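As a plain string of letters, each chain reads:
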Amino acid sequence: MFNIYTLPLILIGCVLQDHAYPADELMPLTCRGRVRGLEPSRGDVDDPLFLGMLWRVLKDVRLDNDVVVSVFETNIRVLGGLLGGHSMAVMLKDAGHYMQWYQDELLHMAKDLGLRLLPAFNTSSGLPYPRVNLKHGVRGPESRTGTETDTCTACAGTIILEFAALSRFTGDPVFEVHARRALNFLWEKRQRNSNLVGTTINIHSGEWVRRDSGVGAGIDSYYEYLLKAYILLGDDLFLQRFNIHYASIMKYISQPPLLLDVHIHKPLLPARTWMDSLLAFFPGLQVLKGDIRPAIETHEMLYQVTKKHNFLPEAFTTDFRVHWAQHPLRPEFAESTYFLYKATKDPYYLEVGRTVLDNLNRFARVPCGFAAMKDVRTGSHEDRMDSFFLAEMFKYLFLLFAEEDDLPFNVEDYIFTTEAHLLPLSLSTTPLKSHEELDDSNFDWTCPNTRLLFPDPAFPRNLRDPIRSAVDKSCPRPAIHREPGMGRPPLRAQDFMANNPDHLELLRRMGVSLIHLKDGRVQLVQHATQAVSAVAAEDGMRFMQEMMELSSQQQKEQLPPRAVQIISHPFFGRVVLTAGPAQFGIDLSKSITGVRGFVTVAEPYSGCAELSNAAFVQGRIALLQRGQCMFAEKARHIMKAGAIGGIVIDDNEGSSSDTAPLFQMAGDGRNTDDVTLPLLFLFYKEGNILLEALKEYREVEVLLSDKNMGPYFSSLETRFDSVTISKWPVFQGSVVTPNSGPNSSGA
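An unreviewed UniProt entry lists the chain under the name alpha-1,2-Mannosidase, with Salmo trutta given as the organism. As its UniProt record puts it under Subcellular location (unreviewed entry), the chain is described as follows: "Endoplasmic reticulum". Comment text from UniProt for the chain, heading Sequence similarities (unreviewed entry), reads "Belongs to the glycosyl hydrolase 47 family."

In structure tokens form, the structure reads like this:
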């Protein structure tokens, strides 16, 4: 009945019984139970620690405890465990072999717990408070909770499976109604342009507190429960919403094999340069969706990272180095491995599962169980074995290797909750109908047959091979016929120039594409599978990481805004345009007087070649258009022509300092000590004011200065005639007087 992979689960059950009961978790290094209040708190992880082992729960556990618990953790671990236990008990009883004594005791306890969680949903939005007191509810004098304002998206959006199951098991709709209300509110608060959700939301106002978006920590199970709610309950509305979200995930977040966080309002901008291990569930969800190819790619990346570090680090960089070194025995990678094997029957995933199990036995096993890894690099342990390790890790590993006769039921008749508890699909026979219109176009590519997608049995291997070589830096690098530089060293980030055709061709060979954004910037995206070879893909990974580190370093070197002050007739210093600084050249904040001069337009206007009007530029401040070459290159060309300064004007029509954040010009990765003049940046609207002034008055003198300098010419000329003022309505709202304060221009 049981294979060799069942034995560790049986042994751990015995150890829990002997050393941990009645505590909910085992401390495997000290061989004792983790008792709430007697051990150092671990925050939300400890919040559900009041429930004893399930098989003795009916005898010993009481729920009317004066404890504050996490609504999210208690729902998925405790309520889900009770409902899953009830499902299994009913299944065994109906089969006529076991548990004939069972009279829905676990379900009664589940309803008691559900009622104790309901006060958390007493908000104007319907989003639950993150914590509730099981005895006193929320916001009462004895509750010690209810002052919280924020919750994570996953915390509020991972309720529907357990609450809907509880409603349909008991016939009381109140639980499902509250779970649907929370999901409806999250859907309404999605960012309408990107169709993404943030990580943290205010439960009262619905404002996003953290606007970064991904598929990992803080959001993960929200997406999971949308799709699984459709599978469990049969309500098409959930599938419609999931498909809309999924299209945006694949458009903005998925960069196979990577999954990178972005900003919900600017989804083309990456929010961080590392990934967290919780996203390892996503390939499994893609299998349920029916999108197998990216599932294979991301899973293979995760597997190679696992092999490189023995475990999946809690967070790792885009070049697969350790970012956070802990590994609390998370099960998400084993979960995705199981689902991919179920979908493809590829024995490769049995090898993956064996690697996971071997690493657990080699590195995490201790006399009283399995200990979490404190640092995957050193192999040090924490005295911790979370409940999800048993609920999920061993369950998925057992199911991965189980033969059909190892199971007394058909797994296909159940859906796994996020904590791997089983709920029967028969619950969908009594659905609550949705009255909203359904867009059939959102069902495209849902659950296709994998044999139609992959008629060639070698196709999955062809997807995996480039990723394997890219991650495993110990692979030999062939010296002959090297890609992409054909024998030359690969392109480095500090050498890259966006206008260099040779560099663009090298990017293409490395699988890196260059996207021109509407605001004039460029974005680099890599698809390892599009590289000309595995070595080229590896070079591309390294290039992308270098570029991220270079960008991060430049962002850390933030400089305050600068000013372009028009000081000639008829302005006399009363017009100030907010300007962005450069990370090279003269630092105007260290100049007492700034740099003063007449402006002239460079020829060529781009400043990307030697100036043809150098004689006219000499001794003046050159006006340049953004684009076609690096800012430092423009500075060198106008300096060679004898200019005393430069102003770069944005070529993105309509941009303004009123609506855009301060733009800071970066160098080209080389030493820029040779640039000895100031270079400032004006958005299109402000630059156009300067160009119009030059067009009308021909001789326009400006002062390039620190933003904090006062009126420059107030003592020399204070007279404005009414005719002159009426000609410049464009100044309203775009130009301020220095007396208005250093930040009043919207910089």
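**Concerning the UniProt feature "active site" (unreviewed entry) in the chain**
UniProt's entry tags Glu73, Asp220, Glu314 and Glu332 with the feature "active site" (unreviewed entry), counted in the numbering of this structure. Tracing the chain through its elements places glutamate 73 in helix 3 (residues 71–95). Setting aside chain neighbours within four positions, we find aspartate 220 in contact with Ala154, Val215, Leu278 and Phe281.

**Re the packing of helix 3 against helix 4 (residues 105–117)**
Where helix 3 contacts helix 4, the axes come no closer than 8 Å and their chain directions differ by 155°. Taken together, helix 3 and helix 4 sit at an angle that is classed as roughly antiparallel. Note that helix 3 runs across helix 4; the crossing there is left-handed. Facing helix 3, whose interface residues are Thr74, Asn75, Val78, Leu79, Leu82, Leu83, Gly85 and His86, helix 4 presents Leu106, Leu107, Met109, Ala110, Leu113 and Leu117. Split by residue class, the contact of helix 3 with helix 4 holds 10 nonpolar, four polar and no charged.

**Brief notes about the confidence of the model for the chain**
Counting all residues, the mean pLDDT for the chain is 81, and 78% of those residues have values of 70 or more. In the predicted structure, residues 45–53 sits below a pLDDT of 50 and forms 42 contacts with residues beyond four places in sequence or in another chain.

**A word on the state of the cysteines**
As used in these notes, a disulfide is a covalent bond between sulfur atoms, one from each of two cysteines. Counted according to the given criterion, the structure contains two disulfides. The disulfide bridge from cysteine 152 ends at cysteine 155, spanning 2.1 Å between sulfur atoms. Measuring handedness by torsion sign, the sulfur bridge of cysteine 152 and cysteine 155 sits at about 90° and is right-handed. On the accessibility criterion, cysteine 152 (18% relative accessible area) is buried. Each sulfur of the disulfide joining cysteine 608 and cysteine 629 lies 2.0 Å from the other.

**Let's talk about the sheet that holds strand 14 (residues 322–324)**
Taking strand neighbours across the sheet as the criterion, the three strands line up as 12-13-14 in an open arrangement whose pairing is antiparallel. Two strands in the sheet have a free side with no partner beyond their single neighbour: strand 12 (274–276) and strand 14. For this sheet, the mean angle separating the axes of adjacent strands, direction not counted, is 30°. In this structure, strand 12 lies alongside strand 13 (residues 315–317), joined through three bridges in antiparallel fashion. Residue pairing across strands places tryptophan 274 opposite threonine 317, the latter belonging to strand 13.

**A few points about the packing of helix 12 (residues 332–344) against helix 14 (residues 387–401)**
In contact at an axis separation of 9 Å, helix 12 and helix 14 are set at 25° when each is read in the N-to-C sense. Overall, the two elements helix 12 and helix 14 adopt an arrangement that is roughly parallel. The element helix 12 and its partner helix 14 pack so that their crossing is left-handed. Residue-level inspection shows Ala334, Glu335, Thr337, Tyr338, Phe339 and Tyr341 of helix 12 in contact with helix 14, the latter providing Glu392, Met393, Tyr396, Leu397, Leu399 and Leu400. Of the residues that constitute the contact of helix 12 with helix 14, the class distribution is nine nonpolar, one polar and two charged.

**Let's talk about helix 21 (residues 684–697)**
Compared with an ideal rise of 1.5 Å per residue, which puts 14 residues at 20 Å, helix 21 spans 20 Å between its outermost C-alpha atoms and is within 8% of the ideal. Those residues of helix 21 that sit buried are Glu686, Gly687, Ile689, Leu690, Ala693 and Leu694. Along the axis of helix 21, the buried residues cluster in a sector spanning 150°; they form a single face.

**Here we look at the sheet that holds strand 23 (residues 562–566)**
One open sheet holds the seven strands; their spatial order is 24-23-29-25-26-27-28, and the pairing between them is mixed. Each of the sheet's edge strands pairs with one partner strand only, and the pair in question is strand 24 (575–579) and strand 28 (679–682). Across the sheet, the mean angle separating the axes of adjacent strands is 35° when strand polarity is ignored. The pairing of strand 26 (residues 621–625) with strand 27 (residues 645–649) spans five bridges and is classified as parallel. When the sheet's bridge partners are listed, isoleucine 621 is paired in strand 27 with glycine 645.

**So, the packing of aromatic side chains**
Taken as a whole and judged by the stated rule, the model has 24 aromatic pairs. Geometrically, the ring pair formed by tyrosine 246 and phenylalanine 282 is stacked, given 6.2 Å between the ring centres and 25° between the ring planes. Linking tyrosine 246 in helix 9 (residues 236–253) with phenylalanine 282 in helix 10 (residues 282–289), this pair joins segments that are 36 residues apart in sequence. Tyrosine 246 gets classed as buried once you look at its relative accessible area, which sits at 6%. Ring centres 4.8 Å apart and planes at 50° place the aromatic pair tryptophan 274 and tryptophan 324 in the tilted group. Of this pair, tryptophan 274 sits in strand 12 while tryptophan 324 sits in strand 14, and the two are 50 residues apart along the sequence. Judged by relative accessible area, which is 41%, tryptophan 324 ranks as partly exposed. Among the aromatic residues, those joined into a cluster by ring pairs are Phe242, Tyr246, Phe281 and Phe282. In this structure, arginine 272 packs its charged tip against the face of tryptophan 274, placed 3.8 Å from the ring centre.

Parameters at a glance
- Residues numbered from 1 in each chain as written.
- Predicted model: local features only at pLDDT ≥ 70, side-chain atom pairs only at ≥ 80, totals over all residues.
- Heavy atoms only, no water.
- UniProt positions renumbered as here; feature names shortened; annotations may be inferred.
- Helix = DSSP H or I, 4+ residues; strand = E, 2+ residues; numbered from the N terminus.
- Contact = heavy atoms within 4.5 Å.
- Axes fitted to C-alpha atoms, helices over the stretch in contact; angles between N-to-C directions.
- Parallel < 35°, antiparallel > 145°, perpendicular 65-115°, else oblique.
- Left-handed = near helix turned anticlockwise from the far one by under 90°.
- Nonpolar A, V, L, I, M, F, W, Y, C, P; charged D, E, K, R; others polar.
- pLDDT = per-residue confidence, 0-100.
- Disulfide = S-S within 2.5 Å.
- Buried < 20%, exposed > 50% of the residue type's maximum accessible area, 1.4 Å probe, protein only.
- Pairing = 2+ DSSP bridges.
- Expected span 1.5 Å × (residues − 1).
- Arc of directions from axis to C-beta.
- Phe/Tyr/Trp six-rings, centres within 6.5 Å; stacked < 30°, edge-to-face > 60°.
- Lys NZ or Arg CZ within 6 Å of the ring centre and 35° of its normal.

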